[in-house]
Amino acid sequence: MAVYSGAVLSGSTNGRPIPVVAVATPGTAIHQAGASGLDEVYLWATNVTGVAATLTVEFGGVGDPGDHLVKAYSIPANSLPIPIALGQRISGSVAIKAFSGTASAINVTGYANLSR
């Protein structure tokens, strides 16, 4: 049986929110899986501005729509955290990135359960 341990998203500094600065692909780095094992990823998005903003989350690549978990999802102005990924599993150094229609409008928070 796999043993999981909780970890901060690799794109975060000490667990702080990750501002989505990118406005196009490739997006802002959110998390990258290890070369071996499995990462179970949980993500929430918050709009920190007074205007709705779109969010696209890329899982492993930039292909549309194959690599998009969420595409141009509208996050309401001044929102509470909205669940984006709830336990999606990645491995093999797959990278999760995100971009928004408005730079720095969206913050992403979350964690990863790592199986090594």
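Below, the structure is looked at part by part. (Residues numbered from 1 in each chain as written. Predicted model: local features only at pLDDT ≥ 70, side-chain atom pairs only at ≥ 80, totals over all residues. Heavy atoms only, no water.)

### Description of the nonpolar core
Among the nonpolar cores identified, the biggest contains 25 residues, and I30, L43, L55, V57, I84, I96 and I106 are the most heavily contacted of them. Where this core is concerned, the elements lending two or more residues are β4 (38-47), β5 (53-59), β6 (68-75), β7 (82-90), β8 (95-100) and β9 (106-115). Among all residues touching I30, those that are not within four sequence positions of it are L9, S10, G11, S12, I18, L43, I96, K97, A98 and V108. (Core = buried A, V, L, I, M, F, W, Y, C linked by side-chain atoms within 4.5 Å. Buried < 20%, exposed > 50% of the residue type's maximum accessible area, 1.4 Å probe, protein only. Helix = DSSP H or I, 4+ residues; strand = E, 2+ residues; numbered from the N terminus. Contact = heavy atoms within 4.5 Å.)

### Some points on the pairing of β4
Within β4, 8 of the 10 residues are buried, which leaves the element mostly enclosed by the surrounding structure. Summarising the sheet, β4 and β9 pair through 10 bridges and their orientation is antiparallel. Bridge pairing in β9 links L43 to G110. With 7 bridges joining them, β4 and β7 adopt antiparallel strand pairing. Along β7, the bridge assignment pairs E40 with R89. (Pairing = 2+ DSSP bridges.)

### Here we look at the sheet that holds β6
Spatially, the 4 strands line up as an open sheet ordered β3-β8-β5-β6, and their pairing is antiparallel. A single partner strand is all that each edge strand has here, and the edge strands are β3 (28-32) and β6. Going across the sheet, the axis of each strand differs from the next one's by a mean of 20°, ignoring polarity. Alignment of β3 against β8, held across 4 bridges, turns out to be antiparallel. (Axes fitted to C-alpha atoms, helices over the stretch in contact; angles between N-to-C directions.)

### Considerations on the side chain of E58
Along the chain, E58 turns up in strand β5. No salt bridge is formed by the buried E58; the nearest opposite charge belongs to K97, separated by 6.4 Å. A polar contact is formed between the side chain of E58 and the side chain of T25, at a distance of 2.4 Å. Excluding residues that lie within four positions of it along the chain, E58 makes contacts with T25, P26, G27, D67, H68, A95, I96, K97 and F99. (Lys, Arg positive; Asp, Glu negative; His and termini not counted. Salt bridge = Lys/Arg side-chain N within 4 Å of Asp/Glu carboxyl O. Polar contact = N/O pair within 3.5 Å; in protein donor to acceptor, adjacent residues only side chain to side chain.)

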